[in-house]
Amino acid sequence: QSARANELKDVITDAVENGFTATYEKGIVKTAKRFAQGVTDVYSAEDDVWKIFAFENEKERYKAAGLSDTEAEAKAARIVVDTYPTYSMVPRAVKKLRRFPLAGTFVSFPAEVLRTGWNTIALAKEELTSPNEKVRQIGAQRAVGISLASVGTAAAAAATRALFGFTGEDDEDIRRF
């Protein structure tokens, strides 16, 4: 369900179905498809490892907050689907955007960043207003994490620029280059 891996697979499929195969012999195409599938599988496995880790972590947090095993598993599964990029959650219109030349190829991931960011904030709000004290603590940890991720990225970029003696103008020049 990796947003990037599945989009990569769709880009390759488009290339194969829209004339790429007419140029090459069947054996080369089969080899290319197998190679592309292998790359996609490896990329997906890397993504899945983090989702499994997140699921287990969330499940344990909610069990410690007093939920049963079944409740904690259901809650953890929902959290992972809602807060981690998942290709099947990308709207069809966004998936089709990758074929539009001005949109670029990897549009699913930024769309998923928006969806998961919104869901993470909504989840923290829900947890912070829970009647369960331990769930409120989970929400507080999540809110601190959101804040640190938001502020920390800009702070790390500024610190790195200062460390290497770059100015904001230098940074802009590098980005333009």
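Structural notes, computed from the coordinates. Not measured: the values here are computed from a predicted model.

Conventions we followed
Residues numbered from 1 in each chain as written. Predicted model: local features only at pLDDT ≥ 70, side-chain atom pairs only at ≥ 80, totals over all residues. Heavy atoms only, no water. Helix = DSSP H or I, 4+ residues; strand = E, 2+ residues; numbered from the N terminus. Buried < 20%, exposed > 50% of the residue type's maximum accessible area, 1.4 Å probe, protein only. Contact = heavy atoms within 4.5 Å. Areas by Shrake-Rupley, 256 points an atom, 1.4 Å probe, with all protein chains shown as cover. Core = buried A, V, L, I, M, F, W, Y, C linked by side-chain atoms within 4.5 Å. Axes fitted to C-alpha atoms, helices over the stretch in contact; angles between N-to-C directions. Left-handed = near helix turned anticlockwise from the far one by under 90°. Nonpolar A, V, L, I, M, F, W, Y, C, P; charged D, E, K, R; others polar. Salt bridge = Lys/Arg side-chain N within 4 Å of Asp/Glu carboxyl O.

A look at the overall build of the chain
Scanning the chain for helices and strands turns up 7 helices and 0 strands. Its helices and strands taken in sequence order, the chain reads α-α-α-α-α-α-α from the N to the C terminus. The buried share of the chain, reckoned over its 177 residues, is 25%. In the chain, the proportion of contacts linking residues at least 24 apart, taken out of those at least 6 apart, comes to 62%. For the chain, the exposed area adds up to about 11900 Å²; of that, 63% sits on carbon and sulfur atoms.

Here we look at the nonpolar core
If you look at the biggest cluster of nonpolar residues, it comprises 7 residues: Tyr62, Ala65, Ala72, Ile79, Leu123, Val135 and Ile138. For this core, the elements supplying multiple residues, two or more each, are helix H3 (69-83) and helix H6 (133-164). Leaving out residues up to four positions away in the same chain, Ile79 has contacts with Glu58, Tyr62, Tyr84, Leu123, Glu127 and Arg142.

Examining the packing of helix H5 (residues 108-128) against H6
Between two packed helices, what matters for the description is the angle formed by their axes and the separation of those axes. Close contact between H5 and H6 brings their axes to 7 Å; oriented N to C, the two are set at 145°. Where H5 crosses over H6, the two elements pack in a sense that is left-handed. Residues Thr120, Ile121, Leu123, Ala124, Glu127 and Leu128 of H5 form the contact with H6, whose own contacting residues are Val135, Arg136, Ile138, Gly139, Ala140, Arg142, Ala143 and Ile146. For the contact of H5 with H6, the residue count by class is 9 nonpolar, 2 polar and 3 charged.

Considering the pattern of salt bridges
Taken as a whole, this structure holds 15 salt bridges when the rule is applied. Here Glu58 ties to Arg142 by a salt bridge, and the two come within 3.0 Å at their closest N and O atoms. Taken together, the residues Glu58 in helix H2 (residues 26-64) and Arg142 in helix H6 connect sequence positions 84 residues apart. By relative accessible area, which is 7% here, Glu58 ends up buried. Here Arg142 falls in the buried class, since its relative accessible area comes to 12%. A salt bridge links Lys75 to Glu126; the nearest nitrogen and oxygen atoms lie 2.7 Å apart. Here Lys75, found in helix H3, pairs with Glu126, found in helix H5; they are 51 residues apart in sequence, far enough to count as distant. Overall, the relative accessible area of 45% leaves Glu126 in the partly exposed class. What emerges from the salt-bridge pattern is a single network uniting Glu58, Arg61, Glu127 and Arg142.

None of the figures reported here should be taken as evidence of function without further support.
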